[in-house]
Amino acid sequence: GSACLAFREGWLSRRWTTIEVARIQAVAVEAGPLDRWAGMATLAVDVAGTSAGSASIAIPYLPRAEAEALHARLTRSVVAHAETGRDEVVTPSPTG
């Protein structure tokens, strides 16, 4: 199978979203003024086949360094898939 990005959200009502790396079109780190002040960021992942202008996954409240590291790993995986047709495994680092 293909490598995937999986994200779970919600506290009372949980929802899992899974996206194949092959469908990822763009990855961005976003931070508003309050996010920057708090050292936080949102990782936004745009996916083929979704409505224009909406990120398929937005992972909020990440420490800025973690968002940037995940951005770099996802970008490497997307580029590797585009160049070789094979997936580079993206394993998120455990958070404490």
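Residues numbered from 1 in each chain as written. Predicted model: local features only at pLDDT ≥ 70, side-chain atom pairs only at ≥ 80, totals over all residues. Heavy atoms only, no water.

### Quick word on the side chain of Thr17
Note on placement: Thr17 falls in strand β2 (residues 15-20). Here the side chain of Thr17 touches Arg15 through a polar contact of 3.5 Å, side chain to side chain. Apart from the residues lying within four places of it in its own chain, the contact partners of Thr17 are Leu5, Ala6, Phe7, Glu9 and Ile57. (Helix = DSSP H or I, 4+ residues; strand = E, 2+ residues; numbered from the N terminus. Polar contact = N/O pair within 3.5 Å; in protein donor to acceptor, adjacent residues only side chain to side chain. Contact = heavy atoms within 4.5 Å.)

### Some remarks on the pairing of strand β4 (residues 40-47)
When you tally the buried positions in β4, you get 6 out of 8 residues, the bulk of the element. Relative to β4, strand β3 (residues 24-30) is paired through 6 bridges, and the arrangement is antiparallel. Paired with Val29 across the strands is Leu43, a residue of β4. Bridge count between β4 and strand β5 (residues 57-63): 5 bridges; the pairing is antiparallel. Bridge assignment links Ala41 to a residue of β5, and that residue is Leu62. (Buried < 20%, exposed > 50% of the residue type's maximum accessible area, 1.4 Å probe, protein only. Pairing = 2+ DSSP bridges.)

### Examining the sheet that holds β3
Across the sheet, 3 strands lie side by side as β3-β4-β5; this open sheet has antiparallel pairing. The open sheet has two edge strands, β3 and β5, and neither has a second partner. Within the sheet, the average angular offset between the axes of one strand and its neighbour, ignoring direction, is 15 degrees. Against the sheet, helix α2 (residues 64-84) makes contact with β3, β4 and β5, and its axis sits at roughly 165 degrees relative to β3, the strand it touches most. (Axes fitted to C-alpha atoms, helices over the stretch in contact; angles between N-to-C directions.)

### Description of the pattern of salt bridges
Here the structure, examined in full by the defined rule, presents 2 salt bridges. Ionic pairing is found between Arg15 and Glu9, a salt bridge with its closest N-O pair at 2.9 Å. Arg64 is paired through a salt bridge with Glu68; the nearest N and O atoms lie 2.7 Å apart. In this pair, Arg64 and Glu68 both sit in helix α2, 4 residues apart, roughly one turn of the helix. A relative accessible area of 32% means that Arg64 is categorised as partly exposed. Relative accessible area serves as the criterion here: at 39%, Glu68 is assigned to the partly exposed category. (Salt bridge = Lys/Arg side-chain N within 4 Å of Asp/Glu carboxyl O.)

### A short note on α2
Taking 1.5 Å per residue as the helical rise, α2 with its 21 residues ought to reach 30 Å, and the 30 Å between its terminal C-alpha atoms agrees with that figure. Looking at α2, one finds that the buried residues are Ala67, Leu70, Arg73, Leu74, Ser77, Ala80 and His81. One side of α2 carries all its buried residues, which in axial view fall inside an arc of 160 degrees. Relative to its buried face, α2 has exposed residues pointing more than 90 degrees away, namely Ala65, Ala82 and Glu83. Against the buried residues of α2 lie β1 (4-9), β3, β4 and β5. (Expected span 1.5 Å × (residues − 1). Arc of directions from axis to C-beta.)

### A word on the confidence of the model for the protein chain
Chain-level statistics for the protein chain give a pLDDT mean of 83 and a share of 81% at 70 or above. β1 is the least confidently modelled element of the protein chain, averaging 85 in pLDDT, while helix α1 (residues 33-38) averages 96, the highest of any element. (pLDDT = per-residue confidence, 0-100.)

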